[in-house]
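A look at the structure
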Amino acid sequence: MKNINKEVGFRIRKIREEKGLTQVQLSKLAGLHRAYIGHIERGEKNIGLKNLQKIANALSVSVRVLLDVPNP
């Protein structure tokens, strides 16, 4: 079984990089700490729904896009 935290974190990182954003830029847009973004992208933190929504808004995507990870 794959780690959902790592899968979602990978999606966030991929989309962030596609949009040409740094972790610092994303953290400012989302109103979250840069270190927290790093922890999420590495799958080290459980992300709450409110913070997931903040990141989705900052990336101009839906939460559904961030959660679109492959089935195990």
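Scope of this entry: the structure provided in the associated data block. (Residues numbered from 1 in each chain as written. Predicted model: local features only at pLDDT ≥ 70, side-chain atom pairs only at ≥ 80, totals over all residues. Heavy atoms only, no water.)

1. Topic: the overall build of the chain
We apply this condition: Every helix listed is a DSSP run of H or I at least four residues long, and every strand listed is a run of E at least two residues long, numbered separately from the N terminus. Atoms counted for the radius of gyration: C-alpha only. Globule rule: 2.2 Å times residue count to the power 0.38. Between buried and exposed lies partly exposed: a residue is buried under 20% and exposed over 50% of the maximum accessible area for its type, with that area taken using a 1.4 Å probe on protein chains only. Should any heavy atoms of two residues lie within 4.5 Å, those residues are considered in contact. Neither His nor the chain termini are counted; the positive set is Lys and Arg, and the negative set is Asp and Glu. For this purpose, a charge sits on NZ of Lys, CZ of Arg, CG of Asp or CD of Glu.
Across its full length, the chain carries 5 helices and 0 strands. Overall, the chain shows an N-to-C arrangement of helices and strands of α-α-α-α-α. Over its C-alpha atoms the chain spans a radius of gyration of 11 Å, differing by no more than 12% from the 11 Å that the globule rule assigns to 72 residues. Once the C-alpha set of the chain is aligned to its principal axes, its extents read approximately 35 × 20 × 20 Å. For the chain, buried positions account for 40% of its 72 residues. The contacts of the chain with a sequence gap of at least 6 include a subset with a gap of at least 24, amounting to 55%. Looking at the chain, you have 14 positive and 6 negative side-chain charges, and the mean spots of the two groups are 6 Å apart.

2. Examining the nonpolar core
Stated precisely, the cut-off is as follows: Among the buried residues, those of types Ala, Val, Leu, Ile, Met, Phe, Trp, Tyr and Cys that are joined through side-chain atoms within 4.5 Å form a nonpolar core.
In terms of nonpolar packing, the biggest core is built from 19 residues, with Ile 12, Leu 26, Ile 55, Leu 59 and Leu 66 touching the most fellow members. Among the elements that take part in this core, helix 4 (residues 49-59) stands out by supplying 5 residues, more than any other. If we skip the residues at most four places from it in the chain, Leu 59 touches Ile 12, Ile 15, Arg 16, Lys 19, Leu 21, Leu 26 and Leu 66.

3. Some words on the pattern of salt bridges
Selection criterion: The rule for a salt bridge is simple: a side-chain nitrogen of Lys or Arg has to be within 4 Å of a carboxyl oxygen of Asp or Glu.
For the structure on display, the rule yields 4 salt bridges. Here Arg 16 makes a salt bridge to Glu 41, at a shortest N to O gap of 2.6 Å. With Arg 16 in helix 1 (residues 4-18) and Glu 41 in helix 3 (residues 34-41), this pair connects stretches of sequence that are 25 residues apart. For Arg 16, a relative accessible area of 7% corresponds to the buried category. Via salt bridges that share partners, Arg 13, Arg 16, Glu 17 and Glu 41 belong to a single interconnected network.

4. Some remarks on the environment of Gln 25
Applicable threshold: Contacts described as polar in this section are N or O atom pairs within 3.5 Å, which, within protein, must combine one atom able to donate a hydrogen with one able to accept it, while residues neighboring in sequence count only if both atoms come from side chains.
The residue Gln 25 is located in helix 2 (residues 23-30) in this model. By relative accessible area, which is 37% here, Gln 25 ends up partly exposed. For the pair Gln 25 and Val 69, spaced 44 residues apart in sequence, the C-alpha to C-alpha distance is 24 Å. A polar contact is formed between the side chain of Gln 25 and the backbone nitrogen of Thr 22, at a distance of 2.8 Å.

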